Amino acid sequence: MSVLRKRLFAVLAAITFLFCLFLARFFYIQVIWEDDLNARALDQWTREIPVSAGRGNIYDRNGELLAGNLPAYSVYARANAVEDPEASANVLAAALGLSYDDVLEKLTDGSRSEIVLVKRTQKEVAERIEGADLSGIYYARDDKRFYPHGALACQVLGFTSYDGAGSTGIEQYYDRYLAGERGEILFETDLVGVDLDGATAAYIPGTDGLHVRLTLDYRIQALAEQVMREALSAYSAKAARAVVLDPRDFSVLAMVNLPSYDLNDIPRDDLTALNALSRNAIVSDVYEPGSTFKIVTAAADIEESLRGNPNAYAVNRVFSSSRTRVVDGTTIRCWSDHANGKHANQTLAEALNNSCNPCFVDIALALGKETFYDYLAAFNFGRATGIDFSGEAIGMLLPESTLRDCDFARIGFGQTIAVTALQLACASAAAVNGGYYYAPRLVDAIVTEDGAVLEETKPALVGRTVSEEASAILSSMLEGVVRDGSGKKAYIEGYRVAGKTGTAQKYENGHIAQGKYVSSFVGYFPADDPQYLALVIVDEPQGAYYGSTVAAPCAKEIFEGIIDVFRLPPSEE
């Protein structure tokens, strides 16, 4: 009897186990797997036409539209639902300007569920097709990207791909906000895609993207582009660039890269040209800054002097009047011949005025590698600035441990170091704004259609460079450079403009490229309360090539334009 009970118990246990197994499977299918099965069923019995979401607009800081959308529609066909391919092909070919044979081939291609006949055609064309009441033919919203100002800030704004996704620039970096979420038009069909009798289409609207408001001011951008375009032409230069910052928070007011291209006529068929023209060299390319870098060297020297470092030259220590310095057997010369007492017994202020290279060699060697590299780190060289833009270069800074004295000496006046234009502009701003280094930014806020701010990009302090006292002393010296020194062509009567010129030789294959220079000027105003800072670069100008002759006048024109736009009064002093 006991054996029988054991067998009965085993059978019941097996039945119970199988029942629980089936119950668990049933629960999994009905509850856990429900959404996936419903989606599969819906996919089998429906066909969908995509409805593009409205891409968000891009505005400047004042609300000026820089990138928007033009109404457009894409036309689709579902071959299995087309009842009269020949007649439909006649109507569509005439309306869309396509070949009858090409359209007919698509309408009879039953291997695909949906076929795109045309992308982004005008609304009138789509309405004409709708009026013909063709079976199996549909259209859906698919707006076309439009840039009202054409080439303005083209490398900053970037462009979208054929399918409307951001490819470069702000369009790419902030695509997650701009893109939105697409919708669909759903049609009930049988398994081969033929519409079911009496079925109605279901419309699932897309969610439009959010708008992006930049820190750029299109008025400053436009005038800076005009000034640099004239310089590009006047000097038959290879390229002309400019960046304008607000030194108070490092918001970018303008960013110019020339030559440029029209965003409404993108050269997609020539990828080499497109890659060159769409590259934001201000952020992505490096160069030897030359004498504009002396701002950083001078800032470090002034700060060390205030800290009581006996090796510092500022403020009243004088430099040797010799034209040359010999370091590791390498002779470094001043651009001036020092004849007739030129550059004799210079102070730091006079060395800046005269842009005398040997003086800045003396500063670098006197401060020493460790101290000087601490300042380079504080000014963020060798690292990304943190701007909200893809493809930022970090520059080239030789490791302190491997640096020869002769190379280190050259860093003092802007050689043997490569920086981006943005790095130099930010470092210059941090040297004269009281010593505050912020992360530069191109976007001010993400906003909704009704103007509500969803996300705001606030100024982010990265660190301190020098003290406010050192910054003020440096600024007074740089004002002297514009008033009395090499930067005279940036002087504006009644306004306190300060700055520094730069003329750097270019290198090719490790050797100096004869006749090839980078002319530059970094300036700002008012000198006692910097609000606008501009770095101007003219690459390989022909004829004149000194930064004082080529670049400084460009900065003056940009500043004069800003003064006119904002009707800024002269300084009280």
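Position labels on residues start from 1 in each chain and follow its written sequence. Only residues with pLDDT of at least 70 get local features here, since the model is predicted, and only at 80 or more are side-chain atom pairs given and counted; chain-wide, interface and lining totals rely on the full set of residues. Only hydrogens and water are set aside when side-chain values are computed; all heavy atoms of the structure are taken into account.

Description of the sheet that holds strand 21 (residues 498-508)
In step 1: Two strands form a pair only when DSSP identifies at least two bridges running between them. Helix and strand assignments follow DSSP, with helices taken as H or I runs no shorter than four residues and strands as E runs no shorter than two, numbered in order from the N terminus. Taken together, five strands build an open sheet; the order of strands is 12-11-23-22-21 and the sheet is antiparallel. Two strands close off the open sheet at either side, each with one partner strand: strand 12 (251-258) and strand 21. Averaged over all neighbouring strand pairs, the angle between strand axes comes to 10°, with direction disregarded.
In step 2: Strand direction decides the pairing type here: strand 11 (residues 239-246) and strand 12, joined by seven bridges, are antiparallel. Bridging from a neighbouring strand, D246 pairs with S251 of strand 12.
In step 3: Against the sheet, helix 9 (residues 218-234) touches strand 11, strand 12 and strand 23 (532-539), its axis set at about 30° to strand 12. Helix axes are fitted only over the stretch in contact, all axes being lines through C-alpha atoms; the angle between N-to-C directions runs from 0 to 180 degrees. Only heavy atoms enter the contact rule, under which two residues are in contact if any of them lie within 4.5 Å.

Things to note about a nonpolar patch on the surface
In step 1: A contiguous nonpolar surface patch, about 380 Å² in accessible area, is contributed by L8, V11, L12 and I15.
In step 2: Here L12 shows up in helix 1 (residues 2-32).
In step 3: Owing to a relative accessible area of 47%, L12 belongs among the partly exposed residues under this scheme. Patch membership requires more than 30% relative accessible area and the absence of a salt bridge. Residues of like charge join within 9 Å; the nonpolar side chains Val, Leu, Ile, Met, Phe, Trp and Tyr join within 5 Å. The method behind every accessible area is Shrake-Rupley, applied with a 1.4 Å probe, and residues are considered shielded solely by the protein chains displayed. One side-chain nitrogen of Lys or Arg within 4 Å of one carboxyl oxygen of Asp or Glu is enough to make a salt bridge. Throughout this description, buried means an accessible area under 20% of the type-specific maximum (1.4 Å probe, protein chains only), exposed means over 50%, and partly exposed covers the range between.

Examining the sheet that holds strand 2 (residues 58-59)
In step 1: The strand order across the open sheet built from six strands is 7-3-2-10-18-19, with neighbouring strands paired in mixed fashion. Looking along the sheet, the strands with just one partner apiece sit at the ends: strand 7 (144-146) and strand 19 (453-456).
In step 2: Where strand 2 meets strand 10 (residues 211-214), two bridges bridge the pair, whose relative direction is parallel. Paired with I58 across the strands is V212, a residue of strand 10.

A word on the pairing of strand 4 (residues 73-77)
In step 1: Extensive coverage of strand 4 is indicated by the burial of five of its five residues.
In step 2: Going residue by residue along strand 4, you find Y73, V75 and A77 tucked away on one face and S74 and Y76 tucked away on the opposite face as well.
In step 3: In this structure, strand 4 lies alongside strand 5 (residues 115-121), joined through four bridges in antiparallel fashion. Its bridge partner lying in strand 5, A77 is registered against I115.
In step 4: Direction of pairing for strand 4 relative to strand 6 (residues 137-141): antiparallel, over a ladder of five bridges. From the neighbouring strand, V75 faces strand 6, where its bridge partner is Y139.

Note that every value here comes from positions in space, so none of it alone points to a role or purpose.
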